[in-house]
Structure formats: structure tokens, C-alpha cells
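Chain by chain, the residues run as shown.
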Amino acid sequence: MGNLATPESVQRLQTALHAKAKDEPGFRFFALYDKTYRLDVLTHAYDCCRANKGAAGVDGITFEAVESYGRERWIGELAQQLREESYRPEAVRRVFIPKPNGKQRPLGIPRLADRVCQMATMLVLEPIFEADMPSEQYAYRQNRDAQDAVRRVHWLVTGGHRNVVDADLAGYFDTIPHVELMKSVARRIVNKRVLRLLRMWLNAPVEERDERGHKKRTTINRDSKRGIPQGSPISPLLSNLYMRRFILGWKRTGVEQRLGAQIVNYADDLVICCKGNDAAKALETMRKMMGQLKLTVNEEKTRTCHLPEEEFDFLGYTFGQRYAAKTRRPYVATWPSRKSIRRMTEGVRIQTGRNMEWMDSGEMSEPKARRMGQLLQARTRHESLPVPGQIHHCPATPVAVQEAQAERRGDSIATPTSTSINRWDSSAYRYFRRAFRGRKHDVRSESRMREMRMSGSMSGM
């Protein structure tokens with residue numbers, strides 16, 4: 001939800017629900033449906049959906065249309081539908097987004113009213129289930145992110161857990177069984193109207209366009225009784241809730257202690273770090289447990305890995321062996337993966353292309369500099385690339401952009417201003433240079449940049 005502040009009344013509600021769930025692990029909540037259509041909850045849910053800037057659903061209604069109609073009026077009508085139990089979700093619009101490997105990922109876009117209702121329900125249910133989530137899960141949780149999961153894996157492999165199961169599940173979101181998932185929900189929630197809402201969202205039809213551009217609707221989720229719409233506000237909570245079954249089973253059956261195997265999970269990404277040489281046994285146990293959960297292991301991408309002889313990737317990082325620069329002693333290290341760097345540099349290449357019409361370094365507009373900074377910061381957060389924060393405020397950024405464009409044109413490179421030299425950040429320049437490896441290496445420009453960095457460091461003495 002970004003930096004959107006939660007209203008105090010909603011905070012009090014979430015705190016009370018979380019405290020009750022934490023204090024009484026066996027308590028089952030029965031009076032929750034009326035919380036979903038509270039005006040403060042629905043208003044905050046609407047603001048969260050608006051902050052996410054999602055596209056319109058099958059009905060074509062956008063946030064601009066709602067603002068023109070009247071935000072309070074629209075939210076009030078939606079609350080009345082929920083109160084009278086006349087609310088019915090519409091079909092989910094399916095689009096496909098490209099994946100780094102060339103394939104396409106299906107993404108479901110519910111209509112705006114359905115997104116707001118799902119977000120309101122998530123605001124009520126999340127504090128309850130958060131009290132039960134194991135520490136091995138890092139996705140879609142407050143005060144946890146992908147970098148925390150990477151740090152945990154780094155801590156494990158450097159602490160002796162060097163036999164690793166690099167696991168991948170085939171279509172995790174599309175294969176979650178509805179019956180078993182609802183059992184996980186009903187363990188805490190016994191409110192029939194809330195459970196009915198969840199079932200309606202799980203069974204909602206999917207609308208997509210065929211090759212001729214004609215619309216068609218399918219009910220594959222309802223017919224197969226599997227899958228949750230990837231892209232809906234409620235799907236992260238439900239996916240975490242079902243993965244929790246595997247992690248708890250891993251612990252309660254004694255596998256974790258017997259094999260010294262620690263799990264680190266982020267959404268559908270999973271690694272198991274083993275203390276001894278039992279990675280093969282851990283992999284076989286995982287296969288059996290996933291089969292019991294009616295999930296499928298992707299055998300092509302799942303493997304065992306022994307550090308430091310081998311390497312593996314997890315959440316945009318590569319884990320493997322490196323050598324100290326001075327002593328040449330080997331050590332287990334973590335660094336950005338090739339795929340992450342390739343995606344990042346491709347984004348820089350597009351932003352610095354000839355059709356982007358960048359200004360000179362001294363005249364570079366703040367919006368354009370901020371756009372480049374946002375690109376690098378987004379790659380830093382989501383792909384774990386070590387690019388300095390707030391880079392769009394660093395004068396080195398337009399200088400590096402100017403040099404990159406000059407190199408592509410074959411022009412000479414102008415000398416930056418003293419301000420840019422004094423505040424130069426070599427990391428920014430290094431990543432810009434990486435995006436233009438396709439051109440012939442210019443030794444003069446490289447030496448020139450070294451001279452500028454040296455003069456900059458000496459001027460600050």
C-alpha cells in the first residue's frame with residue numbers, strides 16, 4: 001500500500017483483531033462481516049486501490065469515473081450492497097504480461113468495485129492470519145520484504161547450511177485447491193457471509209479476448225475447483241495461507257529438526273537450506289508433502305545445490321563462492337544475478353535511447369532525472385540491485401546519462417561541472433556503463449572518468 005497512512009479507526013480495529021488472534025490461537029472469529037462494509041474501512045480500501053493505479057475491469061469503470069460520479073456516493077452504494085447482501089462480483093478481466101524468460105504470465109484484473117471489496121475484506125482478515133504466519137514466510141507481510149528473505153538465506157548458507165534445495169512450483173497460484181484452502185480459512189473464520197464472499201471471488205469467471213479480438217468467458221476455476229486470480233487484492237493473503245500448511249507440516253513432522261533443513265519462502269519461490277548432506281532427502285520429502293497438498297513441483301527448475309562448488313539464484317540474487325581481492329581466500333557470497341542486472345540495464349537502455357530526447361547534463365529536467373531515479377530504485381527494491389538510493393537527486397546521474405548518449409553517437413565527452421565531480425557516485429556510473437556494453441570500449445573515456453573521480457576526491461580534502 002506504499003506510504004498510504006492507515007486511518008486511526010482502522011488501526012484500532014486491526015490492532016484489536018490481531019491481539020485477540022495472538023492471545024487465543026484457537027479462537028474462531030464469527031462477527032466480521034459488518035466490519036467489511038464500515039465506511040472507514042471501505043474508504044481506506046478505495047484509497048489503497050487508487051494508490052495502486054490499477055486498470056479498469058470488465059465494466060470499464062475507472063477511478064476518474066468514480067471521482068466524477070462522487071467518491072462518497074459510490075462508496076456508500078457499495079456499502080449498501082454489502083449490507084443487504086446483494087453484492088455479486090463480476091468476471092475477472094485476464095491479461096498477459098511478459099516474463100523475463102520470454103513466456104507470459106496471466107494476470108487477473110477485477111472490476112473496481114470487486115477490488116475495493118476484496119481490499120476491505122483483506123484489511124479485516126490480514127491481522128487475524130498474520131498472528132499465525134510462521135517466520136519462514138516473507139511475502140506480502142508488513143515489515144518484511146524480499147531482501148529480508150535474501151538476508152535470511154545468506155545467513156543460513158554462511159552459517160553452514162550449504163546443501164540447498166532450489167525449489168519451484170508449477171503454476172502455484174493456478175493450482176491451489178479451493179476445498180483445502182477454505183479449510184485453512186475456516187480454521188479461524190466461521191462467519192458464513194465472509195466465507196461466502198471468498199467463495200464467490202474464487203469461482204468468478206474469467207474474461208479474455210481470443211485471437212480475433214472477440215470476448216469469451218470461462219469458468220475454469222469453478223469447474224476445476226482450483227486456482228486464485230493472480231492480481232486481485234485478496235490473492236496474496238490466500239496464497240500465504242495455503243503455503244503455511246506446507247511449512248507447518250515440515251515442522252510438525254520433525255523434518256526440519258531431523259534433516260537440519262530450514263525453509264525460506266517468498267510467495268511461490270522456495271529454498272530449503274540443509275545443515276548436513278541431506279538435501280536429496282529433503283527434496284524427496286518436499287515432493288511427497290506437495291503431492292499431499294495437491295501442488296506440483298516443477299522438476300525442470302527444481303534441483304539440489306551444494307555450496308561452494310555450485311551456485312543458485314533466489315529473488316534476484318546469486319549465492320555462490322567468491323575470492324577475497326587481496327588474500328584470494330574463498331568465501332560464500334551473495335551478489336545480484338545476471339538476470340537482474342540484464343533487466344535493469346535494459347530498462348536504462350530504453351530510458352536513454354535516442355528517441356527519449358534527453359537534455360544536456362546542466363539542463364536536465366527534474367522530472368526526467370526523477371524518472372531515471374525511480375527506475376533504478378524500483379530495480380533496487382524488487383530485484384535487489386545495489387544501486388544507491390535517491391539517485392535522481394545525485395548530480396552524477398545526468399552526467400552519466402550524457403556520457404552514455406555521447407558514446408552511442410561517437411561524440412566527445414564534455415567535462416562535468418565541479419559540483420558533479422565533488423558529488424560523483426561511481427556506482428551510478430558503473431551501472432549506466434553496463435547498459436552500453438554493446439558499443440566498442442572507449443579507453444579514453446574510461447581513463448577520463450578515473451581522472452574525474454580522482455580530482456573530485458582530492459578537491460574534497
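Residues numbered from 1 in each chain as written. Predicted model: local features only at pLDDT ≥ 70, side-chain atom pairs only at ≥ 80, totals over all residues. Heavy atoms only, no water.

Observations regarding the overall build of the protein chain
Quick note on the threshold: Only runs of H or I of at least four residues qualify as helices and only runs of E of at least two qualify as strands under DSSP, and these elements are numbered from the N terminus. Buried means the residue's accessible area, taken with a 1.4 Å probe over protein chains only, is under 20% of the maximum for its type, while exposed means over 50%, and partly exposed covers the values in between. Note on contacts: a residue pair qualifies if any of its non-hydrogen atoms lie within 4.5 Å across the two residues.
Of the regular secondary structure elements, the protein chain holds 20 helices and 11 strands. A total of 461 residues make up the protein chain; the buried ones form 48% of that total. Across the protein chain, contacts joining residues at least 24 apart in sequence account for 70% of those joining residues at least 6 apart.

Digging into helix H5 (residues 71-84)
One full turn of an α-helix is made of 3.6 residues, so residues set three or four places apart face in the same direction. The line we're drawing: Expected span, for any helix, means 1.5 Å times one less than how many residues it has. The directions considered for the arc are those from the helix axis to the C-beta atoms.
Under the 1.5 Å per step criterion, the end-to-end length of H5 is 20 Å for 14 residues, consistent within 8% with the ideal 20 Å. For H5, the complete set of buried residues consists of Arg 71, Trp 74, Ile 75, Leu 78, Ala 79 and Leu 82. Looking straight down H5, one finds that the buried residues subtend no more than 135 degrees of arc, so they occupy a single side. H5 presents Glu 72 and Glu 84 as exposed residues on the side facing more than 90 degrees away from its buried surface. The secondary structure elements touched by the buried residues of H5 are helix H2 (33-36), helix H3 (39-52), helix H4 (63-69) and helix H6 (112-130). Of the residues one or two after H5, Glu 85 is the one with positive phi, at around 60 degrees.

Comments concerning the sheet that holds strand S4 (residues 206-209)
Applied cut-off: By the convention used here, strands pair only if DSSP detects at least 2 bridges between them. Under this scheme, a helix contributes an axis fitted over its contacting stretch, all axes are lines through C-alpha atoms, and angles between N-to-C directions fall in the 0 to 180 degree range.
Read across the sheet, 4 strands follow the order S2-S1-S4-S5 without closing on themselves; strand pairing throughout is mixed. In this open sheet, the two edge strands, each paired with only one partner strand, are strand S2 (104-109) and strand S5 (215-218). When strand polarity is set aside, the average angle formed by the axes of neighbouring strands in this sheet is 40 degrees. Across 2 bridges, strand S1 (residues 92-98) lies against S4 in parallel orientation. When the bridges of S4 are listed, Arg 93 appears paired with Glu 207.

Some points on the side chain of Asn 265
Within the fold, Asn 265 resides in strand S6 (residues 261-266). If near-sequence neighbours (up to four positions away) are discounted, Asn 265 is found in contact with Glu 136, Gln 137, Tyr 138, Ala 139, Met 243, Ile 247 and Leu 270.

A word on the packing of aromatic side chains
How we decide: Stacked, tilted and edge-to-face are the three classes assigned to paired rings of Phe, Tyr and Trp, where Trp is represented by its six-membered ring and a pair needs centres within 6.5 Å; plane angles under 30 degrees give stacked, over 60 edge-to-face, the rest tilted. For a lysine, the NZ atom is tested; for an arginine, the CZ atom; a charge sits over a ring if that atom is within 6 Å of the ring centre and within 35 degrees of the ring normal.
Within this structure, the stated rule accounts for 8 aromatic pairs. Taken together, the ring pairs in this structure connect Tyr 46, Phe 63 and Trp 74 into an aromatic cluster. Here the basic side chain of Lys 20 rests over the ring of Phe 27, its NZ or CZ set 4.6 Å away from the ring centre. Sitting over the ring of Trp 335, Arg 322 keeps its end group 3.5 Å from the ring centre.

A short note on the confidence of the model for the protein chain
Put simply, the rule is: pLDDT expresses how confident the predictor is about each individual residue, on a scale running from 0 to 100.
On average, residues of the protein chain score 80 in pLDDT, and 75% of them reach the 70 mark or higher. Long-range and interchain partners of residues 359-364, a stretch whose pLDDT sits below 50, account for 9 contacts in this model, where long-range means more than four residues apart. Confidence over residues 412-429 falls short of pLDDT 50; this stretch has 37 contacts with residues more than four positions distant or in other chains.

Some details on the nonpolar core
Burial of nonpolar side chains together is a common tendency in soluble globular proteins. Here is the rule we go by: Put simply, a nonpolar core is a bunch of buried Ala, Val, Leu, Ile, Met, Phe, Trp, Tyr and Cys residues held in one set by side-chain atoms that sit within 4.5 Å of each other.
One finds Ile 189, Phe 246, Trp 250, Met 286 and Met 290 to be the most contacted residues of the largest nonpolar core, which totals 79 residues. Core analysis: the second largest hydrophobic core is formed by 19 residues, Val 150, Cys 305, Leu 307 and Leu 315 among them.

Re the packing of helix H12 (residues 235-252) against helix H14 (residues 279-292)
Put simply, the rule is: Here the angle decides the label: under 35 degrees means roughly parallel, over 145 means roughly antiparallel, 65 to 115 means roughly perpendicular, and every other value means oblique. Rotating anticlockwise by less than a right angle from the far helix to the near helix defines a left-handed crossing, while the corresponding clockwise rotation defines a right-handed one. Basically, the charged four are Asp, Glu, Lys and Arg, the nonpolar ten are Ala, Val, Leu, Ile, Met, Phe, Trp, Tyr, Cys and Pro, and anything else, Gly included, counts as polar.
Where H12 meets H14, the axes come as close as 11 Å, and the angle between the chain directions of the two elements is 130 degrees. By the criterion of interaxial angle, the relationship of H12 to H14 is oblique. Every pair of crossing elements has a handedness; the one defined by H12 and H14 is right-handed. Contacts from Met 243, Phe 246, Gly 249 and Trp 250 in H12 reach Ala 282, Thr 285, Met 286, Met 289 and Met 290 in H14. In the contact of H12 with H14, the residues fall into 7 nonpolar, 2 polar and no charged.

Re the pattern of salt bridges
We apply this condition: Every case where a carboxyl oxygen of Asp or Glu lies within 4 Å of a side-chain nitrogen of Lys or Arg is listed as a salt bridge.
What the rule picks out here adds up to 18 salt bridges. Ionic pairing is found between Arg 12 and Glu 8, a salt bridge with its closest N-O pair at 3.3 Å. Taken as a pair, Arg 12 and Glu 8 lie in helix H1 (residues 8-23) at a separation of 4 residues, close to a single helical turn. Accessibility assignment for this pair places Arg 12 and Glu 8 in one class, exposed. The salt bridge partner of Glu 85 is Arg 193, with a shortest N-O separation of 3.3 Å. Separated by 108 residues along the polypeptide, Glu 85 in the loop between H5 and S1 and Arg 193 in helix H10 (residues 192-202) bring together distant segments of the chain. Residue classification places Arg 193 among the partly exposed positions, given a relative accessible area of 33%. Each of Asp 47, Arg 71 and Glu 72 takes part in a single network of salt bridges with overlapping partners.

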